[in-house]
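Spelled out from the first residue to the last, the chains are:
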Number of protein chains: 2
Amino acid sequence: MRAELIAIGTELLLGHIVNSNTAFLGRALAGQGIGCYHQVTVGDNPERLGEALRLALSRSDLVITCGGLGPTVDDVTLETIAAVTGLPLVLRPAILRKIEVRFRKLGIRMPPSNRRQAMLPEGAKELPNSLGTAPGFLLKLDHVDKCIPTAESCQYLVALPGPPYEMIPIVEKLLLPRLRKIAGGAVIRSRTIKTTGLTESEVDKKTADLLQLEGAVTMGIYARPGQVDLRITAGAPKAQAAERLIASVEKKIRQRLGSLIYGTDDDELESVVGQLLRAKRKTVATAESCTGGLIGHRITEVPGSSDYYAGGVIAYSNAVKQSALGVPASLLGKYGAVSAQAAQAMALGIREKTGASIGLAVTGIAGPGGGTKQKPVGLVYIALADKNGAKSFKHQFSGTRAMVKTKTAQTALNLLRLRLMNKLAEHPASHGEGN
Amino acid sequence: MRAELIAIGTELLLGHIVNSNTAFLGRALAGQGIGCYHQVTVGDNPERLGEALRLALSRSDLVITCGGLGPTVDDVTLETIAAVTGLPLVLRPAILRKIEVRFRKLGIRMPPSNRRQAMLPEGAKELPNSLGTAPGFLLKLDHVDKCIPTAESCQYLVALPGPPYEMIPIVEKLLLPRLRKIAGGAVIRSRTIKTTGLTESEVDKKTADLLQLEGAVTMGIYARPGQVDLRITAGAPKAQAAERLIASVEKKIRQRLGSLIYGTDDDELESVVGQLLRAKRKTVATAESCTGGLIGHRITEVPGSSDYYAGGVIAYSNAVKQSALGVPASLLGKYGAVSAQAAQAMALGIREKTGASIGLAVTGIAGPGGGTKQKPVGLVYIALADKNGAKSFKHQFSGTRAMVKTKTAQTALNLLRLRLMNKLAEHPASHGEGN
């Protein structure tokens, strides 16, 4: 099955937005054993979209469009698909009701322009959009090929909304299960092993020989700030066989990387930490200086985090470090706010103020200003406090302000994870650059 | 002049890499007044690349390829361009010497495969690559059109290496100055007007007639959670004329949207709020429940925010709301933690504890659990406190947990902005869905 992706949006051509949708869709299709041979981007222009659709329908088995389903006049996907396929747009009362209910819940009267979003090409199967008004849809084309003289091979035409947060759930929950059935047989499985605490080159050095795998198994290495992922992909006639191939490579990786691995696939560091806190019946509270609330934000991205997260203090100023965390002014005067002593006092302070079992504190210089020769931008102290006292870790991070914040939050959550696993000794401290 | 971009690389089709090159090139071309109408991605496959090249040469004036110039067997761009144009590849001794010197400096003998990179199509103008072995090149096609029967309109074919750090300097230093001459002065300028507080359809309703602009000015509308952007683009022979066209449309938009507009282009809501706090010599402190630290995180993304941000409390549990913010247990018992009263008490409390001039507080139900019929998921109260007391705003947001958090933080920052501008009355309260 040959797939082709058509991204629609003048903002993509002008480079105002980087097109991450096609990368996501390429990966998703490959996961079902469907090769994608062409990606095309056109603007919000019916003529050029029509041309791209005709070409795609003439050479690909599965055509997926992304974007241009909104309610405004520059959204031309529906009309163009109707024109190219010869299928009339039909009002779907059930979809219209859903859109009306959506607006009613927001206390807004539905603008007339949104009515267009309830019209789908005749015979289309709705792919409901739970996070926006524009539904996606799937058109099986074999019964209409008389209308499309150029659709020699194309069997399926799928239209998806453009915003990633609307498109991705539709693909994962609705489209992929359908494509899995359609593509039948050969399966590709992949598994992402997520690590933190080492740079890409360090992970590469430990696993380079595994990267050159033979045959049906491939491995790739992908770095983000504070994180390095290894992705294993295997193809086989049956899912079980593909999974066996992956499991054998995963085992080797785990032997080499041990506790540097914090999770797999959809695991996030904050969800792993949450599971550990829950399992160990511990609670945590945070005292953040340079991260400004990012650690609390990440912890609370996990549903149910109120069970183990008491809250925290964003101690941006020294006054708040003193008043809200009880850090003595004399300590700040002697060692400075960016010091092991301050971090430890903050962690002890937030633990005491909230009654949480663990206090987690960070203090550092996010930059770009504020650095000195002794205390340069990127210098960060992270401390953990429990009933036995506090322990701190010194790190020197590189990059922009946002990257220093990201790496600090990542390292702090990782230290909490290792602490909960009783593996703090395995932390690659003070070269915790992570990437 | 109509441009078309062809990105080459199987890793792009598989989604292992997000294609940021075409976004960069789209922006760079627009800046020279060159419209880009098609972006195409194909794998490292001579047949499909040949097909894409022939189609591009038949419909575009300027075709730019990106990638596939490396020394390995899966780099097929040179051979395919030669095959499609009928131009032989010619060894360029000066380029070969540069590649040999490069390797010598690294203390490595040049592998024989790199010799291919010194061969360019006959008549090509080298675009030297100072950061890699593969040079780019520009081919003027008007004298060779006999060889390419399909190149009806195409005048220029450019080939660039794929790695962004090699490609970008070639484009900025060598290609753009040439294109500026070729395109002859015409320039495109664009401006993004950023709004928050209304949905995409509401913004659309207020500006729909402006979306259908004539001629050289176009406008697009782009929605993100809690935010709607309007982008005006204008082309003219001179920059000044393009900017005048934009200014006249911007004026109309500002008349209609007023204080719903928080900024333009690279402005972020948190940086605008920061500028206002600085200008008014005010400080702010935050008390966050459902956002878990996201508001503090956003405020502290701005360099120098320690000048006006004291810090805050992440009051996730009721115990912290009481102990750190002084919210009376009786109030929480009577009205609940998600109530106008609790939000106001939190805002007053954080202001008092930190001595900041303004206290900003949020409390709500981010979901997916925890909702009731009276207090559904997405219900959020936001309060502002100053020396005159506290005022709260009720909102009902939709979407996932992450979206409710995002929209809450966005709305809270926007309320702070309006407060600082003395325009709180203009807040479209309680349908602040924003998108």
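The rules behind the values
Residues numbered from 1 in each chain as written. Chains lettered and ligands numbered in written order. Predicted model: local features only at pLDDT ≥ 70, side-chain atom pairs only at ≥ 80, totals over all residues. Helix = DSSP H or I, 4+ residues; strand = E, 2+ residues; numbered from the N terminus. Buried ≥ 20, exposed ≤ 12 C-beta atoms within 10 Å, placed from the backbone. Contact = placed C-beta atoms within 7 Å. Pairing = 2+ DSSP bridges. Axes fitted to C-alpha atoms, helices over the stretch in contact; angles between N-to-C directions. Core = buried A, V, L, I, M, F, W, Y, C linked by C-beta atoms within 7 Å. Domains from an automatic or database assignment. Nonpolar A, V, L, I, M, F, W, Y, C, P; charged D, E, K, R; others polar. Arc of directions from axis to C-beta. Parallel < 35°, antiparallel > 145°, perpendicular 65-115°, else oblique. Left-handed = near helix turned anticlockwise from the far one by under 90°. pLDDT = per-residue confidence, 0-100.

## Quick word on the overall build of chain A
Part 1: Each helix and strand counted, chain A has 14 helices and 17 strands in total.
Part 2: Burial statistics for chain A: of 435 residues in total, 51% are counted as buried.
Part 3: For chain A, restricting intrachain contacts to residue pairs at least 6 apart in sequence, the fraction spanning at least 24 positions comes to 68%.

## Quick notes on the sheet that holds strand E2 (residues 35-42) of chain B
Part 1: A sheet is described by the order of its strands in space; here twelve strands give the open sequence E6(A)-E7(A)-E8(A)-E3(A)-E1(A)-E2(A)-E2(B)-E1(B)-E3(B)-E8(B)-E7(B)-E6(B), paired in mixed fashion. One side of each edge strand has no neighbouring strand; the edge strands of this open sheet are strand E6 (125-127) of chain A together with strand E6 (125-127) of chain B. With direction set aside, neighbouring strand axes in the sheet form an average angle of 15°.
Part 2: Of the pairings in the sheet, the one linking strand E1 (residues 2-8) of chain B to E2(B) comprises seven bridges and is parallel in character. Pairing of B:Arg2 across the sheet is with B:Gly35, part of E2(B).

## Points about the nonpolar core
Side chains that are nonpolar tend, in soluble globular proteins, to be buried together.
Part 1: Ranked by size, the top nonpolar core spans 118 residues in total, and within it A:Met346, A:Ala347, B:Met346 and B:Ala347 carry the most contacts.
Part 2: In this structure A:Ala347 touches A:Ala287, A:Gly359, A:Leu360, A:Ala361, A:Ala383, A:Leu384, A:Ala385 and A:Ala390, once residues within four positions along its chain are discounted.
Part 3: With 111 residues, the next largest nonpolar core counts A:Leu127, B:Ala52, B:Ile64 and B:Leu139 among its residues.

## Considering the domain arrangement of chain A
It is common to give the size of an interface as the accessible area that goes away when the parts come together.
Residues and elements named next belong to chain A.
Part 1: Each assigned domain of chain A is listed here: domain 1 (2-183), domain 2 (187-264) and domain 3 (269-426).
Part 2: A separation of 33 Å is found between the C-alpha centroids of domain 1 and domain 2.
Part 3: Of the residues lining the interface, four residues belong to domain 1; the matching set on domain 2 comes to four residues.
Part 4: Residue composition of the side of domain 1 that touches domain 2, by class: one nonpolar, three polar and no charged.

## Quick word on the interface of chain B and chain A
Part 1: In this complex, chain B contributes 77 residues to the contact, which on the side of chain A involves 72 residues.
Part 2: The biggest single contributor to the side of chain B that touches chain A is E2(B), with seven residues.
Part 3: Looking at the side of chain B that touches chain A residue by residue, the class counts come to 33 nonpolar, 34 polar and ten charged.
Part 4: Where strand E14 (residues 309-314) of chain A meets strand E14 (residues 309-314) of chain B, three bridges bridge the pair, whose relative direction is antiparallel. Paired with A:Gly312 across the bridge in E14(B) is B:Ile314.

## Let's talk about helix H2 (residues 21-31) of chain A
Part 1: For H2(A), every residue scored as buried is listed here: A:Asn21, A:Thr22, A:Ala23, A:Leu25, A:Gly26, A:Leu29 and A:Ala30.
Part 2: As for H2(A), its buried residues are in contact with strand E1 (2-8), strand E2 (35-42), strand E3 (62-66), helix H6 (164-183) and strand E9 (187-195) of chain A together with helix H1 (10-13) of chain B.

## Side note on helix H4 (residues 77-85) of chain A
Side chains of residues three or four places apart in an α-helix project in the same direction, reflecting 3.6 residues per turn.
All names here are of chain A.
Part 1: Of the residues making up H4, those classed as buried are Thr77, Leu78, Thr80, Ile81, Val84 and Thr85. Considered in projection along H4, the buried side chains sweep an arc of 170° and stay on one side of the axis.
Part 2: Those residues of H4 hidden inside the fold are in contact with E1, helix H3 (46-59), E3, strand E4 (89-91), strand E5 (119-121) and strand E8 (156-160).
Part 3: Looking one or two residues past H4, Gly86 carries a phi angle of roughly 75°, positive in sign.

## Examining the environment of A:Pro71
Part 1: Along the chain, the position of A:Pro71 falls in the loop between E3 and H4.
Part 2: Remark: the alpha-carbon pair of A:Pro71 and A:Arg116, spanning 45 residues in sequence, is separated by 6.5 Å.

## Points about the environment of A:Leu260
All names here are of chain A.
Part 1: Within the fold, Leu260 resides in the loop between helix H8 (239-257) and strand E12 (261-264).
Part 2: Residue classification places Leu260 among the buried positions, given that 24 C-beta atoms sit within 10 Å.
Part 3: In this structure, the C-alpha to C-alpha distance between Leu260 and Val228, residues 32 residues apart in sequence, is 9.9 Å.

## Re the pairing of strand E17 (residues 389-396) of chain A
Residue and element names in this part refer to chain A.
Part 1: With eight bridges connecting them, strand E16 (residues 379-386) and E17 associate as antiparallel partners. When the bridges of E17 are listed, Leu384 appears paired with Lys391.
Part 2: Between E16 and E17, which follow one another and run antiparallel, lie two residues.

## Describing the sheet that holds E12(A)
Residue and element names in this part refer to chain A.
Part 1: As summarised here, the arrangement of the four strands in space is E10-E11-E9-E12, forming an open sheet in which the pairing is antiparallel. One side of each edge strand has no neighbouring strand; the edge strands of this open sheet are strand E10 (217-224) and E12. Between one strand axis and the next, the sheet turns through 20° on average, direction left out of account.
Part 2: Bridge count between E10 and strand E11 (residues 227-236): eight bridges; the pairing is antiparallel. Within E11, the position partnered with Val217 by the bridge is Ala234.

## A short note on the pairing of strand E15 (residues 358-364) of chain B
Residue and element names in this part refer to chain B.
Part 1: Of all seven residues in E15, seven are buried, a share of seventy percent or more.
Part 2: Where burial is concerned, the two faces of E15 agree: the one with Ile358, Leu360, Val362 and Gly364 and the one with Gly359, Ala361 and Thr363 are both buried.
Part 3: Across five bridges, the pairing between strand E13 (residues 284-288) and E15 is parallel. Bridging across to E15, Val284 finds its partner in Ile358.
Part 4: The pairing of E15 with strand E16 (residues 379-386) spans six bridges and is antiparallel. Bridge pairing in E16 links Ala361 to Ala383.

## Observations regarding unusual backbone geometry
Part 1: Between A:Gly367 and the following residue, A:Pro368, the backbone shows a cis peptide bond with an omega angle of 0°.
Part 2: The residue A:Pro368 is located in the loop between strand E15 (358-364) and E16 in this model.
Part 3: A positive phi angle, close to 50°, is found at B:Asp265, a residue other than glycine.
Part 4: With respect to the helices and strands, the residue B:Asp265 is situated in the loop between strand E12 (261-264) and helix H9 (269-279).
Part 5: Positive phi values are uncommon outside glycine, yet B:Asn422 reaches one of about 55°.

## With respect to the packing of H2(A) against H6(A)
All names here are of chain A.
Part 1: Relative to each other, H2 and H6 sit at 15°, their axes nearing to 11 Å. In terms of their interaxial angle, H2 and H6 are classed as roughly parallel. The way H2 lies across H6 gives a crossing that is right-handed. Of the residues in H6, those touching H2 at Asn21, Phe24, Leu25 and Ala28 are Pro164, Met167, Ile168, Val171 and Leu176.
Part 2: Class assignment for the residues of the contact of H2 with H6 results in eight nonpolar, one polar and no charged.

## Digging into the confidence of the model for chain A
Residues and elements named next belong to chain A.
Part 1: Averaged over all residues, the pLDDT of chain A is 90; the fraction at 70 or higher stands at 94%.
Part 2: Contacts for the low-pLDDT stretch residues 430-435, under 50 throughout, to residues beyond four places or in other chains number 25 contacts.
Part 3: Here the complex is predicted with pTM 0.77, and the ipTM for its interfaces comes to 0.77.

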